[in-house]
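Each chain, letter by letter, is given below.
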Amino acid sequence: MKSKYSNQIKIINYITSTDRFKFLFLLAILFAAYAAFVLGISTDNFLDAIFIPFQFNIFNILFFALIFFNNLNTCSTFETKFDYYIIRLENKKNFIKEIMKNSILMNLFYLLIFFLFYFMFLSLIKFGNFEIHNYSNYSINNFIYVIYYLIRYFLITILLNVITTYLYLNFKMIATIGFNVLFLIGFMMVPISADPINNISLIIWFFLSPIVFSNFSLDVTSFITFLIIVEIIIIIIHKITLKNKNVVIT
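Now for a look at the structure at hand. All of these numbers come straight from a predicted model, not from anything done at the bench.

## What about the pattern of salt bridges?
Pairing between side chains of opposite charge can happen when their charged atoms approach one another. Counted under the stated rule, the structure contains three salt bridges. Between Glu 79 and Lys 172 there is a salt bridge; the shortest N-O distance is 2.7 Å. Residue Glu 79 is found in helix H4 (residues 57-81), and its partner Lys 172 is found in helix H7 (residues 142-189); the two are separated by 93 residues along the sequence. The partner of Arg 152 in a salt bridge is Asp 219, and the shortest N-O contact between them spans 2.8 Å. Here Arg 152 is found in helix H7, whereas its partner Asp 219 is found in helix H8 (residues 216-243), with 67 residues between them in sequence.

Structure below.
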């Protein structure tokens, strides 16, 4: 157990020491400043300002581009720089588990970096301006909705990276980048309506936009249904990856 923990630390330390990650680290700080000082100025209320950037298409495109790049960098670095360690994993199942673990840890670390600086910058200009009020047509206040929205955003980000990692394992870099680009294009292609949605919707971009449902219960129901379907898809992809002869330990 101690040996596995030590290996994990060494892998993470190596990836974070690369020039590509240092560049991504710098971009995370700059992007957090952009979110706070540019996009966050549209309201004086700290709570309302928190999730405004995450409902803005351009922000989402750039944010997920950084997340995808970080994930691809993690996968490729692990596969090419730790071949001696990969061989010791003995079988494909352990290899998939290990690369997935590193992918998730690195993305959690990157998200932590971004949110740490984002809240720090936002606090500099909004701290003390807390106003709790009802959110849109929902029967909840903006404080509860901010927590819900960020949890939803966070879960979608992690699940997308899990899928991206599986795509990388099965199809390597080009196809994975193609999937990432198509997802980013979706932010500009999916129509955003100002009218509340009156039925369950599973369109992922709706959960990353200012779109609201007719009530909060429908919003939560739609998202839970979406999560269940994505989990099923991931399970299927995992089984396919295990049987894929192109996924080998080298």
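## A closer look at the packing of aromatic side chains
Pairs of aromatic rings are described using the distance from one ring centre to the other and the angle between the two planes. Under the definition given, this model contains 49 aromatic pairs. Both rings, one in Phe 59 and one in Phe 63, keep their centres 5.6 Å apart while their planes meet at 15°; by these two values the pair is stacked. Of this pair, Phe 59 and Phe 63 both sit in helix H4, four residues apart, which is roughly one turn of the helix. Note on Phe 63: relative accessible area 2%, which makes it buried.

## Here's the deal with the environment of Glu 79
Counting along the chain gives 49 residues from Glu 79 to Leu 30, while the straight-line C-alpha distance between them is 29 Å. Other than its neighbours up to four places away in sequence, Glu 79 contacts Ile 86, Phe 95, Tyr 168 and Lys 172.

## Some remarks on the nonpolar core
Counting residues in hydrophobic clusters, the biggest one holds 86 residues, and the most contacted among them are Phe 64 and Phe 114. At the level of elements, helix H1 (2-17), helix H2 (19-37), helix H3 (46-51), H4, helix H5 (83-87), helix H6 (92-126), H7 and H8 are the ones that each hand at least two residues to this core. It is H7 that contributes the most residues to this core, 19 residues altogether.

## Side note on the packing of H2 against H4
Two elements in contact, H2 and H4, have axes separated by 11 Å at closest approach and are oriented at 165°. Considering the angle they form, H2 stands roughly antiparallel to H4. For the element pair H2 and H4, the recorded crossing hand is left-handed. Between H2 and H4, the residues in contact are Arg 20, Phe 21, Leu 24, Leu 27, Phe 31, Tyr 34 and Ala 35 and Phe 59, Leu 62, Phe 63, Leu 66, Phe 69, Asn 70, Asn 73, Ser 76 and Thr 77, respectively. Of the residues in the contact of H2 with H4, the class split is eleven nonpolar, four polar and one charged.

Criteria and cut-off values
- Residues numbered from 1 in each chain as written.
- Predicted model: local features only at pLDDT ≥ 70, side-chain atom pairs only at ≥ 80, totals over all residues.
- Heavy atoms only, no water.
- Salt bridge = Lys/Arg side-chain N within 4 Å of Asp/Glu carboxyl O.
- Helix = DSSP H or I, 4+ residues; strand = E, 2+ residues; numbered from the N terminus.
- Phe/Tyr/Trp six-rings, centres within 6.5 Å; stacked < 30°, edge-to-face > 60°.
- Buried < 20%, exposed > 50% of the residue type's maximum accessible area, 1.4 Å probe, protein only.
- Contact = heavy atoms within 4.5 Å.
- Core = buried A, V, L, I, M, F, W, Y, C linked by side-chain atoms within 4.5 Å.
- Axes fitted to C-alpha atoms, helices over the stretch in contact; angles between N-to-C directions.
- Parallel < 35°, antiparallel > 145°, perpendicular 65-115°, else oblique.
- Left-handed = near helix turned anticlockwise from the far one by under 90°.
- Nonpolar A, V, L, I, M, F, W, Y, C, P; charged D, E, K, R; others polar.

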